[in-house]
Protein chains: 2
Amino acid sequence: MRKFAAEKSKDLFIARTKILNSVFEHPTASLSSSSSSLSLKPPSLSPAAFLLRFLTTTAIPNPSDSSMASDYSTTPVKLDSINPKLMMMAFSLVLKRVFICLYIYIYIYNGSSFRRFSFVLECEYAVRGEIVTLAQKIQQDLNDNPDSHPFDEIIYCNIGNPQSLGQQPITFFREVLALCDHPAILDKSETQGLFSADSIERAFQILDQIPGRATGAYSHSQGIKGLRDTIAAGIEARDGFPADPNDIFLTDGASPAVHMMMQLLIRSKNDGIFCPIPQYPLYSASIALHGGTLVPYYLDEEKGWGMEVSELKNQLETARSKGISVRALVVINPGNPTGQVLAENNQQEIVDFCKKEGLVLLADEVYQENIYVPDKQFHSFKKVARSMGYGEKDISLVSFQSVSKGYYGECGKRGGYMEVTGFSPEIREQIYKVASVNLCSNISGQILASLVMNPPKVGDESYESYSAEKDAILSSLARRAKKLEEALNALEGVTCNRAEGAMYLFPRIRLPNKAIEAAKAVNTAPDAFYARRLLNATGVVVVPGSGFGQVLGTWHFRCTILPQEDRIPAIVTRLTDFHKGFMDEFRD
Amino acid sequence: MRKFAAEKSKDLFIARTKILNSVFEHPTASLSSSSSSLSLKPPSLSPAAFLLRFLTTTAIPNPSDSSMASDYSTTPVKLDSINPKLMMMAFSLVLKRVFICLYIYIYIYNGSSFRRFSFVLECEYAVRGEIVTLAQKIQQDLNDNPDSHPFDEIIYCNIGNPQSLGQQPITFFREVLALCDHPAILDKSETQGLFSADSIERAFQILDQIPGRATGAYSHSQGIKGLRDTIAAGIEARDGFPADPNDIFLTDGASPAVHMMMQLLIRSKNDGIFCPIPQYPLYSASIALHGGTLVPYYLDEEKGWGMEVSELKNQLETARSKGISVRALVVINPGNPTGQVLAENNQQEIVDFCKKEGLVLLADEVYQENIYVPDKQFHSFKKVARSMGYGEKDISLVSFQSVSKGYYGECGKRGGYMEVTGFSPEIREQIYKVASVNLCSNISGQILASLVMNPPKVGDESYESYSAEKDAILSSLARRAKKLEEALNALEGVTCNRAEGAMYLFPRIRLPNKAIEAAKAVNTAPDAFYARRLLNATGVVVVPGSGFGQVLGTWHFRCTILPQEDRIPAIVTRLTDFHKGFMDEFRD
C-alpha cells in the first residue's frame, strides 16, 4: 500500500478555501475573472449566458429531442422564463448526477513558493445523472443479455436507501402500520395469529391518540399531539433533559423540515447559511432554492473529518467582510458523506461558537442510531447544550430526525420531525405558518416517527425479535463499514477515514496526472471519470466527491455501506481488481 | 324568505374589482393612500411598520407571553429578521384563521351616481384562528362540563376533512395499503380470512411493480413507474385520450404539486398568477411564499359562480398595464369554496383564452369525483383541450389530483399527483429537479393514488362492496348538500348557489347595517362576527368568506357538507334558529 504524503500548510488551506468560497457564493463571477482550461464556445458569452446555453443545450436522453424542443416554441414556458433559482441548484442533487467541470487554475503564494490550485465550477450535466443513467442502461443490457458485461449485476452504492438493497423493515413497526391502516381487523380472531400482541396493543394506543381514530384525516399541522407526546418522551429518555411536544414538528422526512427552516431564515442572497464541505447536497439545494448564500466551512480530513472552530471563525469573518449576514450553522452528525461522529468536546465548542456569534444551530441528527465504533457515542446537540447549562433562552437549536435512516431505513415512508427550541413564540408561530401550508405530514410517517422514538421495551412480546432484528442490522453495517474501509485503505493512493457512523465512506483517491488528463480530454471531472470507469468495469455505482464539495485538488467518492453483507467480498474483489488495473493504466 | 335585490352594474363591478386588484397586489400601498375607518395607532406608522407592529403585538394564547417575548431577546432570530414573504401570507391559510379588517372607503362614480365601496386589508390575527381556537376552547368546556354551553357538541364544518367527521375509508383501499405495509402476511392462511381475495391479488401486483418489492425504499422522484402506468391508464379510461406515465408526478397530496409549479413559474413579484376569487387559500399562500403576485379574477355569483372570459380579459389587461407578466391561470373545478361545476363550453372558452394569451392552465381537479347534480359532469381540462383538437404542443396544462377528496377522503395519507403536458423537455427536466429535492413522495400515498385511479372493476370480489361504499358516500353527500342549500336559502337575507360538486356551500349573507356596526365595534369583519356568534350559539364552525376573497361589500361563509347525514337536521335547526335570533337582534 502506498500513500501519498499529506500536503500540509494551514495558511495555504485557509487561503485556498477562502478563494473557493467566492466560487460557491458567486459561481459565475469567478468564471468571468479567471481563465478556464476548457474552451468556452463562444468565448464572448457572459458566464451566466454560457451557463444557460450549457444547460439548454445539454442533451436529454430522448431521441426526438431536438425536434421536440423546437416544436414547443409556441408553449408559454421557456427555460429563460422560469425561476432562475432553479438554475442555481447546480451544486446540488448530485446523488443522481454527474458534473461537467470547468477548471480554473489559480496560483497562490504560500510564503515560500507558488502553488497551483484548480477551481471547479460545477454545472449540472443531466438530471438523472450520467452515472445513474449509465447504470440503468447497463441494467437493461444485463436483463436482455446476462453476458453483455463483465459482471452480472449492478450494485448501487450511491444512495442511502437501505431497503432498496434488500434490508428488511423492522417487523414490529410494519405490523403497527398495517393495523393502523386497516383498523377494522383489530378485533378479528385471525389477527391474533398474524400479528404480535404488543403490535395490536400499540395500534390501539395510537388510534386512541388520533381524534376520531381517523388515520385518514388531516392532523394538526405539527402532527398528532399524542404522537408528539410519545416522541418528546423518547427524546427525554435519550437525552436526560426535558422535551416539549409543542417543540416537535412532524414532517414528510427530514428534507421538508430543512426547507422550512431555510424558508424562514433566508431573506435574500445576503443571508448566509454555514454548511460543512463536504456536505449532503440537500443543504446547498435548499439554500439555492430559497435564494440564500452557502457559506462553506471545511471539515478536516486529516483529523477524521473534524470541525475546527478556527476554520469556522475564519470563514465567518470572510463571509461578513463580503456583507453576508450568516444566520445559521448546519452540522451533520454523524456525518454525511463523511461518516464521522463528533466528539462531545467538539460539539461543545460548536455550541459556544453559535451562541457567541448569534447563529441558529441546525443539527442534522438523522443518523443518530448509526454508530459503529465503540469509542464514539451519539450525543444530541440539545443534550450537549443543556449539559453546558444553556437553556431555552440561550441558544436557538433545531434537531432534524428521520425514519429513513437508523436501523429502520424506512425512506419510502417519508416520516421525520424537527425539534425546535430557543425561538420566541412569535417566530414559532411563523414556523407553524410554514408548516400549515401543506396542511400536515402523512399519518403513516407520523406513526412511524413515534415508533422509532418508542420501540418495544424489555418485557414486550416483540422485544426479543425486535432487538434481534435491530442488532443484526447495526452489527452487520458495522462489519460492512470496516471491511470496505480496510479494502479502500489497501488500494494504491487511497486513504479512507473510518465510518464511525452514518451509512457512508468517503475515500480520497490520489489520481495520477495521466488519469486527470484523460478525464479532461473527455470533459469529465477526474472523480467522475474514475466512478464511470468503476461502473463500467464492475457494476459498482458510487458518487463522485465533486457532488458534495471537497478541498480543491483533492478527489473523493462516496460509497454506501448498504449492500447486503454477503455481497461485500465480491465488491471488495471487483473494486480492488479495478483499481489495480486503473492505476496500471494511468500510473505516472 | 326575503332576498335582497341583487346589485347590478357590470361597469361598476369591473371598476370595483380593478380597485380591489390593487389591494391584493400592493396591500400596504392602498392603506397608505387611503383613510381607514379603524383608527391606526400610532397613525404616523408606515403601513408596513404598522403591519409588522400589528403582527408582533398580536396576543398569542400563552399566559407567559409578554415575559417570554422579552426573554428571547438574546436569541438570534427576530420577527424582523425572518423571510418577509412569510409576512405576505396574510391572505392565506384562513381555514384556521380569522382576520382583522381595516376598512377603507372609496367613492366611485359609475356614470350616474357615486357609490361607496369598502376595501378590506386582511391582517393575520392569530395562527390557529380565533374561531377554531374558540371552538377548541368550547370543546374543552364541554368535556369538563357537558352543560356549559347551549349545545352538546362542536360540529366542524370548516374544513374538507371527511374522515375527521366520521366518514369511513373505502375498505378495499385500506386492505391493499395494510398488505403492502406488511407483505410478510400475504402468504399466511389467516390472511385469506381477513382480507378480500382481490386486495391480496392487488397487493401482490403492486409489490411486483416496486423494485425489490421494497415499500420502504425511496422511489423514482416522479413516483414508482408501475404506479404511474396504472394512473395513466386510469386517466385514459376517464378521458378517452392517451396519457403518458412520464407526465405523472406523484406528490404528497396536491399542495406540494401546486408549490412546485409556483416555484417554477414565479421569478419575481412582477410575475402574476391568475386566481379565482373566491379561491382556496393554498394558491394565495403559495404565490406569496414564492414572491409572486396574485392576479384575481372574479367568479360571477349571479351566474352560479361561472367564469366570464370578459372578466379574464379585463383583469389581464389591468395586470399587464401595471407591468405584471401573467404566467398562469388557476381554475378550481369543481370549485372550492364555491361548489360549482364548470360547463364544458365554459371550459372550452378558458382553454382558448389560455392558448391565445400564452398562459399555463393550472387545473385543480381534486374534486373530480364529487359531482352531485344530474345536469353536470366532470370533464378534465385535458379532455376538453384534446377534444378541441389541441395537442401537446398547443397548450401547457397541469392537472392536480389528490387522494384527500373524492369519495375516498384520505387526507391523512398525503397522496396525489399532477399530470404535466405541453412543456418542452428542458422545462420538464426543471420540474423533475424540483421534485427531486425532497427525493420522493410517500409510498403509501403513491399506492393509494394508483388505487383511486384504478378501483375494483365489475367481477372483482370487492366490486360490490366497494361500489356500495362509494355510492353511499356520494349519494349521502348529494343529499346533505341539497338539504343544507335549501336550509340556507330559506334564511332571511341569505342566498346560496347549488353545491353542484366539491364539498362546500358558500352562501351570501346580507348583514343588516346594525350587525356591520356591531362587528366594527369589536374590530371584527362582519362575516367573522357572524361566524363567531354562530359558533357560540350552536357549536357549528364555519369559515368567514373574507378568508377566500369576495366582492367588496358582500359577505359569505364557507360551510362544508361533510357532517354525517344524521346530524344535518340538527345543524339546520340550530342554524335556522340562530339566524332568526341574529336578524331579530340586528335587523335595521
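Look above for the structure.
Analysis parameters
Residues numbered from 1 in each chain as written. Chains lettered and ligands numbered in written order. Predicted model: local features only at pLDDT ≥ 70, side-chain atom pairs only at ≥ 80, totals over all residues. Heavy atoms only, no water. Pairing = 2+ DSSP bridges. Helix = DSSP H or I, 4+ residues; strand = E, 2+ residues; numbered from the N terminus. Axes fitted to C-alpha atoms, helices over the stretch in contact; angles between N-to-C directions. Least-squares fit on C-alpha atoms with pLDDT ≥ 70 in both. Contact = heavy atoms within 4.5 Å. Salt bridge = Lys/Arg side-chain N within 4 Å of Asp/Glu carboxyl O.

Colleague: So what exactly am I meant to see when it comes to the sheet that holds strand 5 (residues 271–277) of chain A here?
Modeller: Sheets are built from strands paired through backbone hydrogen bonds, the pairs being either parallel or antiparallel. Residues and elements named next belong to chain A. Pairing is mixed in the open sheet, where seven strands are placed in the order 4-10-9-8-7-5-6. Two strands bound the open sheet, and with one partner strand each, they are strand 4 (248–251) and strand 6 (293–298). Between one strand axis and the next, the sheet turns by 20 degrees as a mean value, whatever way the strands run. Here strand 5 pairs with strand 6 via six bridges, running parallel. Looking at the pairing, C275 lines up with P296 of strand 6.

Colleague: What should I look at first to understand the relation of the copies chain B and chain A in this one?
Modeller: The two chain copies are related to each other by a rotation about an axis together with a translation along it. Relative to chain A, chain B is turned by 180 degrees and slid 0.0 Å along the rotation axis, the superposed coordinates differing by an RMSD of 0.0 Å. Here the two chains are linked by the operation of a two-fold rotation axis. Minimal C-alpha distance to the rotation axis in chain B is attained by B:A178, lying at 2.1 Å. A shared binding surface is used by both copies, with 100% of the interface residues of chain B retained as interface residues in chain A.

Colleague: Is there a simple way to explain the pattern of salt bridges in this structure?
Modeller: Two side chains bearing opposite charge may form a pair once their charged atoms approach each other closely. Residues and elements named next belong to chain B. Using the criterion set out here, one finds 54 salt bridges over all chains in the structure. Close ionic contact of D375 with R498 constitutes a salt bridge, the shortest N to O distance being 3.0 Å. With D375 in the loop between strand 8 (360–364) and helix 15 (381–387) and R498 in the loop between strand 11 (494–495) and strand 12 (504–505), this residue pair connects regions lying 123 residues apart in the sequence. Across the pair R587 and E492 runs a salt bridge, and its minimum N-O distance is 2.6 Å. Residue R587 is located in the segment after helix 21 (568–586), and its partner E492 is located in the loop between helix 18 (463–489) and strand 11; the two are separated by 95 residues in the primary sequence.

Colleague: What exactly am I supposed to notice about the sheet that holds strand 12 (residues 504–505) of chain A here?
Modeller: Residues and elements named next belong to chain A. Pairing is antiparallel across the open sheet formed by three strands, whose spatial order is 12-16-15. With partners counted over all chains shown, the strands left at the sheet margins are strand 12 and strand 15 (543–544), one partner each. Pairing between strand 15 and strand 16 (residues 557–560): two bridges, direction antiparallel. Counterpart to P544 in the pairing with strand 16 is F557.

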